[in-house]
Amino acid sequence: MTDQKHLAQIGVVGLAVMGSNIARNFARHGHTVAVYNRSPERTDALIADHGDEGTFLPAKTIEEFVSSLQRPRRALIMVQAGKATDAVIGQLADAMKEGDIIIDGGNSLYTDTIRREAEMRARGLHFVGAGISGGEEGALNGPAIMPGGPAESYESLGPLLESIAAEVDGVPCCTHIGPDGAGHFVKMVHNGIEYADMQVIGEAYHLLRYAAGMEPKEIAGVFREWNTGDLNSYLVEITAEVLDQVDAETGRPLIDVIVDAAGQKGTGRWTVKAALDLGIPVTAIGEAVFARALSGARAQRSATTGVLPSGTIAGPVSADERERFVEDVRRALYASKLVAYAQGFDEIRAGSEEHGWNVDPRDLATIWRGGCIIRATFLNRIRDAYDADPDIQSLLLDSYFTGEMVDLVDSWRRVVINATRQGLPVPVFASSLSYYDSLRAERLPAALIQGQRDYFGAHTYERTDRPGHFHTEWSGDRSEVQA
Ligand code: 6PG
């Protein structure tokens, strides 16, 4: 029998930057790590450049890799989501034995994870779809990890993952999220929130720049200041860094040299598609995804810029008003961000109910406080909100957030009005305010929509004063009948 002591506690397949950083993170935490990459150059480079950071067992074939792992074998796949992931899963499964664990650490679509988990279960293997957030730096120094899959596999896998995760107040940013696709589902929504968060920060920057006429360096200072308060977060912190950067070649602010067309790899779009299927209005995330798409429609934009009439445009914010305007923008950003998070958590609750995952939103508010891209101090408030009422209808109803809204909402309205008058786009600020006003409205125009549906399609409507479904004989004598 092989001497288990000399085998690896974990293995990593796929040694591009994320994979090799995760492998190094495991090694630095004293774990023996088996490593394998399809092209051996990457494996060689990892060992040559970082082999002294811990104990690595480099393998030339997937079989050699699998046989260098302790039982139950734990193999973390860090390759491109999609076909490449399926191919590696197939190879690992062929070489593995009952009870072994395959972990997919990529940004896989959660429905793929559900399928793969069922396939592996049928072969007696455990499959864990784990969302990993934090980018390259996080992978090396402490990411947030969202593992799904069987609770049983977490018993052997959890301590390993927790050992390399970020920590906040001594709590690791890693916990078992729920069965099969739960981990990748919440990572997907995490990314959707990330899109909204980045977009609202972008809208705030845009207003300070073009409504208030401030320069990037000055705005960097504003974000730095905001980062000391309610908005304290990784994304606000790096925003100041980006805005401060000067392009070495031209001497101009780097932000002015970067093409204003945002890329996207798909997780934001998936969040919106899943929300549409679940019937959850994630308007902030949706607008953020569409804003990226619109920014990328370069041919359409260049055809319309300067051609579509703007109407009368108000002048810029005056020097006297600037201080108040900056504070209004901060509040609009905070309020819109609250909406985005509230909607994201709504989607997670709905997804969890739909799939029977039993995801605890409090866990997410806890593990997202560190390591991940949306890490932010205010996640503590979200955790408190779920502590106070685990079944709260909307995070916005939590007394702390409702209290915040008292202070935020007037500023938010002023900012949206101001942006509109200046012809500056604020899709997430504006749509989030509409969402907020829709939520709090006593009546919505949906009554009219029901009337119209009944008119052209006899789809029936409910009445406010008694139960049942009703139809008006629109093309007859217009009397009402109970359906
Ligand atoms: C993370 C990030 C990471 C990646 C996104 C970016 O949590 O570490 O979300 O997963 O940066 O995939 O996605 P886009 O390329 O779509 O912006």
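The text that follows walks through the structure, step by step, so that each part is easy to find. The residue count restarts for each chain, going from 1 along the sequence in the order it is written. The predicted nature of this model means local features are confined to residues of pLDDT at least 70 and side-chain atom pairs, given and counted, to a pLDDT of 80 or more, with totals for whole chains, interfaces and linings taken over all residues. Here the side-chain values reflect all heavy atoms present in the structure, with hydrogen atoms and water set aside.

### As for the overall build of the protein
Next, step 1: We count a stretch as a helix when DSSP gives it H or I for four or more residues in a row; a strand needs E for two or more, and each element gets its number in order from the N terminus. For the protein, the count of helices and strands is 20 helices and twelve strands.
Next, step 2: When its C-alpha atoms are laid out on the principal axes, the protein stretches across 85 × 70 × 45 Å.
Next, step 3: To sort residues, take the accessible area from a 1.4 Å probe on protein chains only and compare it with the maximum for the residue type: under 20% means buried, over 50% means exposed, and anything in between is partly exposed. Split into buried and exposed, the 483 residues of the protein put 49% on the buried side.
Next, step 4: Total accessible area computed for the protein in this model is approximately 22,800 Å², and 51% of it derives from carbon and sulfur atoms. Only the protein chains shown count as covering a residue, and every accessible area follows the Shrake-Rupley method with a 1.4 Å probe.

### Quick word on the side chain of Thr460
Next, step 1: Mapped onto the elements, Thr460 comes out in the loop between helix 20 (446-457) and strand 10 (461-462).
Next, step 2: On the basis of relative accessible area, Thr460 is assigned to the buried category, the value being 17%.
Next, step 3: Residues contacting Thr460, with those up to four places away along its chain left out, are Gln450, Arg453, Asp454, His469, Phe470, His471 and Ala483. Contact criterion: two residues are considered in contact whenever any of their non-hydrogen atoms come within 4.5 Å of each other.

### Remarks on empty space enclosed by the protein
Next, step 1: Cavities and pockets are found on a 1 Å grid laid over the protein atoms alone: a cavity is a set of points where a 1.4 Å probe fits but cannot escape, a pocket is an open set with protein on both sides within 12 Å along at least five of seven lines, and a lining residue has an atom within 4 Å of such a point. Grid points are joined across faces, edges and corners, and a volume is the space filled by probe spheres set on the points. All chains considered together, the criterion is met by two cavities of 30 Å³ or more.
Next, step 2: Of the pockets and cavities examined, the largest cavity occupies roughly 50 Å³.
Next, step 3: Together, Phe345, Asp346, Arg349, Pro361, Tyr386, Pro390, Ile392, Ser394 and Leu395 line the largest cavity.
Next, step 4: In terms of residue count, helix 15 (residues 322-355) provides more of the lining of the largest cavity than any other element does, three residues in total.
Next, step 5: Here the lining of the largest cavity is composed, by residue class, of six nonpolar, one polar and two charged. Put simply, Ala, Val, Leu, Ile, Met, Phe, Trp, Tyr, Cys and Pro go in the nonpolar bin, Asp, Glu, Lys and Arg in the charged bin, and everything else, Gly too, in the polar bin.

### Concerning the site of the ligand
Next, step 1: Neighbouring the ligand are 14 residues; Ser133, Glu194, Tyr195, Lys265 and Arg292 lie closest to it.
Next, step 2: N or O atoms closer than or at 3.5 Å make up a polar contact, with two conditions inside protein: a donor-capable atom paired with an acceptor-capable one, and, for residues adjacent in sequence, both atoms drawn from side chains. Between the ligand and Gly134, the relevant distance is 2.9 Å, taken from an oxygen atom to a main-chain nitrogen or oxygen of the residue.
Next, step 3: At 3.0 Å from an oxygen atom of the ligand is found a side-chain nitrogen or oxygen belonging to Asn191.
Next, step 4: Protein burial of the ligand: of its 420 Å² of free accessible surface, 81% is covered by the chains.
Next, step 5: It is helix 8 (residues 182-210) that contributes the most residues to the shell around the ligand, five residues altogether.
Next, step 6: Along the lines of polarity and charge, the residues of the shell around the ligand split into two nonpolar, eight polar and four charged. Working definition: residue near molecule or strand if any one of its non-hydrogen atoms lies within 4 Å of it.

### Let's talk about the state of the cysteines
The bond known as a disulfide is covalent and runs between the sulfur atoms of two cysteines.
Next, step 1: Any cysteine sulfur atom paired with another within 2.5 Å is treated as part of a disulfide. Scanning the model with the defined rule gives zero disulfides in all.
Next, step 2: You can see Cys173 has no disulfide; the closest cysteine sulfur is in Cys372, sitting 7.3 Å from it.
Next, step 3: Taking relative accessible area as the criterion, Cys173 reaches 0% and is therefore assigned buried.
Next, step 4: The cysteine Cys174 is free of any disulfide, with Cys173 supplying the nearest cysteine sulfur at 8.9 Å.
Next, step 5: Cys174 sits in the buried class, given a relative accessible area of 3%.

### Some points on the packing of helix 8 against helix 12 (residues 267-278)
Think of two packed helices as two axes; the pair is described by the angle between the axes and how far apart they sit.
Next, step 1: Interaxial distance between helix 8 and helix 12 falls to 8 Å at its minimum, and their mutual angle equals 110°. By the angle between their directions, the pair helix 8 and helix 12 is classed as roughly perpendicular. Contacts between helix 8 and helix 12 involve Phe185, Met188, Val189, Asn191, Gly192 and Tyr195 on the former and, on the latter, Thr267, Gly268, Trp270, Thr271, Ala274 and Leu278.
Next, step 2: Residue composition of the contact of helix 8 with helix 12, by class: seven nonpolar, five polar and no charged. Lines are fitted to the C-alpha atoms to define the axes, a helix being fitted only along its stretch in contact, and any angle between axes, read from their N-to-C directions, falls within 0 to 180 degrees. Working definition: roughly parallel below 35 degrees, roughly antiparallel above 145 degrees, roughly perpendicular at 65 to 115 degrees, and oblique for all remaining angles.

### Some points on the sheet that holds strand 1 (residues 10-13)
Next, step 1: One open sheet accounts for seven strands, arranged 3-2-1-4-5-6-7; its pairing is mixed. Lying at the two open borders of the sheet, with one neighbouring strand each, are strand 3 (56-58) and strand 7 (144-147). Taking each pair of neighbouring strands and ignoring which way they run, the sheet shows an average axis angle of 25°.
Next, step 2: Across the sheet, helix 5 (residues 110-122) is in contact with strand 5 (101-104) and strand 6 (126-133); its angle to strand 6 comes to roughly 150°. Strand pairing requires that DSSP identify at least two bridges connecting the strands.

### Observations concerning the packing of aromatic side chains
Next, step 1: Paired rings are identified among Phe, Tyr and Trp, the last through its six-membered ring, by centres lying within 6.5 Å, and are further divided according to the angle between planes into stacked (under 30 degrees), edge-to-face (over 60) and tilted (the rest). Enumeration according to the criterion identifies 13 aromatic pairs in this entry.
Next, step 2: The interplanar angle of 80° and the centroid separation of 6.1 Å between the aromatic rings of Tyr110 and Trp357 together place this pair among those described as edge-to-face. Of the two residues, Tyr110 sits in helix 5 while Trp357 sits in the loop between helix 15 and helix 16 (361-367), which places them 247 residues apart along the sequence. The same class applies to Tyr110 and to Trp357, which are both buried.
Next, step 3: Judged by centre distance (5.5 Å) and plane angle (75°), the ring pair of Tyr400 and Phe401 falls under edge-to-face.
Next, step 4: Tyr400 gets classed as partly exposed once you look at its relative accessible area, which sits at 25%.
Next, step 5: A residue is classified by how much of its surface remains accessible, and Phe401, at 2% relative accessible area, is buried.
Next, step 6: Following the ring pairs from residue to residue traces out a cluster consisting of Tyr334, Tyr341, Phe378, Tyr400 and Phe401.
Next, step 7: Definition used: whenever NZ (Lys) or CZ (Arg) falls within 6 Å of the ring centre and also within 35 degrees of the ring normal, the charge is taken to sit over that ring. The ring of Tyr234 has Arg375 lying over it, and the distance from NZ or CZ to the ring centre is 4.1 Å.
Next, step 8: Sitting over the face of the ring of Phe470, Arg463 holds its NZ or CZ atom 6.0 Å from the ring centroid.

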